[in-house]
Amino acid sequence: MLSKDRKIVVSLFCGIGGFDLGFEAAGFEIAVAIDNDPKVLSLYQNNFPNTITLCRDIGSLSASEIKEIITRKYQDWDGEIAAVIGGPPCQGFSVAGKQNLDDERSQLILKFIKLVVELNPSMLVMENVPAIESKKFSHITGNAVALAQEHYTISKWLLTASDYGVPQKRQRAIWVGYSEKISLNQKRCKQQTNRLDELAIPDKSNRKFTVKDAISDLSNIPINSQTDIWELSCKGEYARYLEGVFHSQSGRQKSSSNISGLRATVHKVETQHKYAATIPGEKEPTTWCYKLTENGFSPTLRAGSGNRTAARPIHYQQPRVITVREAARLHSYPDWFEFGESKLAAHKAIGNSVPPLLAYAIAQTLIPYIEQNHTEVDLSSLRDATRIAMVRCERSKAIAVVLSIKAHKVRRENRNIQLNKCLHLQYFHLFSIEIIKKYCSKIINNKAPPIIKSNIISIV
């Protein structure tokens, strides 16, 4: 496949690759993945062997270096990047932390946006905790948003993972931006937003999976503290669904029955009694571990900080906290995805990552715009017959189109051809077919002056 036909993605703060897995499944290709944690990158490489990884701090990285890497990988690369995706560290914003206004990690959002602007992709997608929208952080996020809006039209989404097939009540703030390279279809945009230039949120999934759906089939395995890999010959519907959506880069058999990450945590007898006595849906009062409900969703799986993971949920049937594989299932990772031998590192990596099914829903929403952009009619093909320019109002609440057609120079037999070309131009996707025909037909039929210098259609 030629690189011009690939939807190239650069992944910043890639972590273990939840974001990347979802985007790959939707048809994007992760060209470069960047993170400053070598241990996490090692796990990433195991699952994405075809993606180039770079262990660097993005503050010390330039767009030219990244583009040079892509050029070496794809010798026929046309220089276009479909999207830059990433989830800058959320600990400084999270309500689960101290929300320290001076946390240096929070400044990485601005560095993320700066690098995005340098890379100049068609789209950007950034994930973080909902608290990032708090007014107390406006001095940090305001600068990042202002810079992004100089180059991209920004939409902000608040998405809940359980709405997209993830058996987890995880909420995340998503910033999505598109450049002038991208055209929008009016009907698509107007479904769930009052602004024509704003992207509609992903459609919610008609598939809902509970905790029981996600991990009950693993109960058939004699989980203990000694063995990490077991064979599971009969998987549940949810596990099979994940393997159908997410394919392995390594070409490993998707339906492999050997599953890793099943080594259990050793608890004292006293702790086991406490866990057994805890009511599902409640927290054990001394450890603050939440006990899962089989017919509900898991709470947000968090990473923790330092050398400690956050309190892990208690299994709804067994007096123990969940295993790495059970956490992975609750986060929507397929069983072929590997997390290494360290339980601590695995749980942190999972908690820090974007649930792949949530990423998949986001990517599916964006990819039609990328594909549409690849098939747009070239303006130069219209020569003197049609010239179109789009002007965005200062507040991005209105869109103006200046249409100038020298109708008297268009031969009668070519008028319908030119009109059809007008209807397929990217800027006209912003308006209804009826409006386009109205203005074009008036000009072509000489019912209006041949040159309309300033026809402005404002849609607020």
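Residues numbered from 1 in each chain as written. Predicted model: local features only at pLDDT ≥ 70, side-chain atom pairs only at ≥ 80, totals over all residues. Heavy atoms only, no water.

Turning to the pairing of strand β5 (residues 123-128), a few remarks are in order. When you tally the buried positions in β5, you get 6 out of 6 residues, the bulk of the element. Every second residue of β5 is oriented toward a common face, with Met-123, Val-125 and Glu-127 on one face and Leu-124, Met-126 and Asn-128 on the other, all of them buried. By the bridge criterion, 4 bridges tie strand β4 (residues 83-86) to β5 in an arrangement that is parallel. Counterpart to Val-84 in the pairing with β5 is Leu-124. In this sheet, strand β7 (residues 171-178) lies alongside β5 in antiparallel orientation, the contact comprising 6 bridges. Pairing of Met-126 across the sheet is with Trp-175, part of β7. (Buried < 20%, exposed > 50% of the residue type's maximum accessible area, 1.4 Å probe, protein only. Helix = DSSP H or I, 4+ residues; strand = E, 2+ residues; numbered from the N terminus. Pairing = 2+ DSSP bridges.)

Here we take up helix α5 (residues 138-149). Every buried residue of α5 is listed here: Ile-140, Thr-141, Ala-144, Val-145, Leu-147 and Ala-148. Down the axis of α5, the buried side of the element spans an arc of 165°, and every buried residue falls inside it. For α5, the elements touching its buried residues are α4 (108-119), β6 (153-160) and β7. (Arc of directions from axis to C-beta. Contact = heavy atoms within 4.5 Å.)

This part takes up the nonpolar core. Among the nonpolar cores identified, the biggest contains 72 residues, and Phe-23, Met-123, Val-125, Phe-339, Ile-362 and Leu-366 are the most heavily contacted of them. Considering each element in turn, this core owes the most residues, 11 residues, to helix α12 (residues 356-374). Counting 37 residues, the second largest nonpolar core, distinct from the first, contains Leu-12, Ile-34, Ile-69 and Trp-175. (Core = buried A, V, L, I, M, F, W, Y, C linked by side-chain atoms within 4.5 Å.)

Of note, Pro-49 is situated in the loop between α2 (38-47) and β3 (52-55). Given the relative accessible area of 44%, Pro-49 is considered partly exposed. Non-local contacts of Pro-49, meaning those with residues more than four positions away in its chain, are made with Gln-249 and Ser-250.

Of note, the phi angle at Phe-13 is positive, near 55°, even though the residue is not glycine. If you trace the backbone, Phe-13 turns up in the loop between β1 (8-12) and α1 (18-26). In this model, Trp-288 sits at a positive phi of 60°, which is unusual for a non-glycine residue. By secondary structure assignment, the location of Trp-288 is in the loop between α9 (269-277) and α10 (324-330). Judged by relative accessible area, which is 57%, Trp-288 ranks as exposed.

The next point concerns the confidence of the model for the protein chain. The pLDDT averaged across the protein chain works out to 78; a share of 70% of its residues lies at or above 70. Per-residue pLDDT stays below 50 along residues 92-97; that stretch engages in 19 contacts with residues further than four places along the chain or on separate chains. In the predicted structure, residues 185-192 sits below a pLDDT of 50 and forms 23 contacts with residues beyond four places in sequence or in another chain. (pLDDT = per-residue confidence, 0-100.)

On to the pairing of strand β2 (residues 29-35), then. With 6 of 7 residues buried, β2 lies mostly within the body of the structure. Two strands pair when backbone bridges link them, and β1 and β2 are joined in this way by 5 bridges, in the parallel orientation. From the neighbouring strand, Val-9 faces β2, where its bridge partner is Ile-30. A crossover links β1 with its parallel partner β2, the connecting element being α1, and its sense is right-handed. Pairing geometry for β2 and β3, over 4 bridges, is parallel. Bridging from a neighbouring strand, Ala-33 pairs with Thr-53 of β3. For the segment spanning β2, α2 and β3, crossover handedness is right-handed. (Right-handed = clockwise from strand over helix to strand, strands pointing away.)

Let us look at the environment of Leu-158. When you line up the elements, Leu-158 lands in strand β6. Sequence separation of Leu-158 and Ile-201 is 43 residues, and the distance between their C-alpha atoms is 8.7 Å. Residues in contact with Leu-158, not counting those within four places in the same chain, are Pro-130, Gln-171, Arg-172 and Ala-173.

Here we take up α1. Counting buried positions along α1 yields 8 of 9 residues, so the element is predominantly enclosed. Every buried residue of α1 is accounted for by Gly-18, Phe-19, Asp-20, Leu-21, Gly-22, Phe-23, Glu-24 and Ala-26.

What follows covers the packing of α4 against α5. Where α4 meets α5, the closest approach of the two axes is 9 Å, and the angle between their N-to-C directions is 10°. Of the possible angle classes, the one that applies to α4 and α5 is roughly parallel. The residues of α5 that touch α4, namely those facing Ile-109, Leu-110, Ile-113, Lys-114 and Val-117, are Asn-143, Ala-144, Leu-147 and Ala-148. Considering only residue class, the contact of α4 with α5 consists of 7 nonpolar, 1 polar and 1 charged. (Axes fitted to C-alpha atoms, helices over the stretch in contact; angles between N-to-C directions. Parallel < 35°, antiparallel > 145°, perpendicular 65-115°, else oblique. Nonpolar A, V, L, I, M, F, W, Y, C, P; charged D, E, K, R; others polar.)

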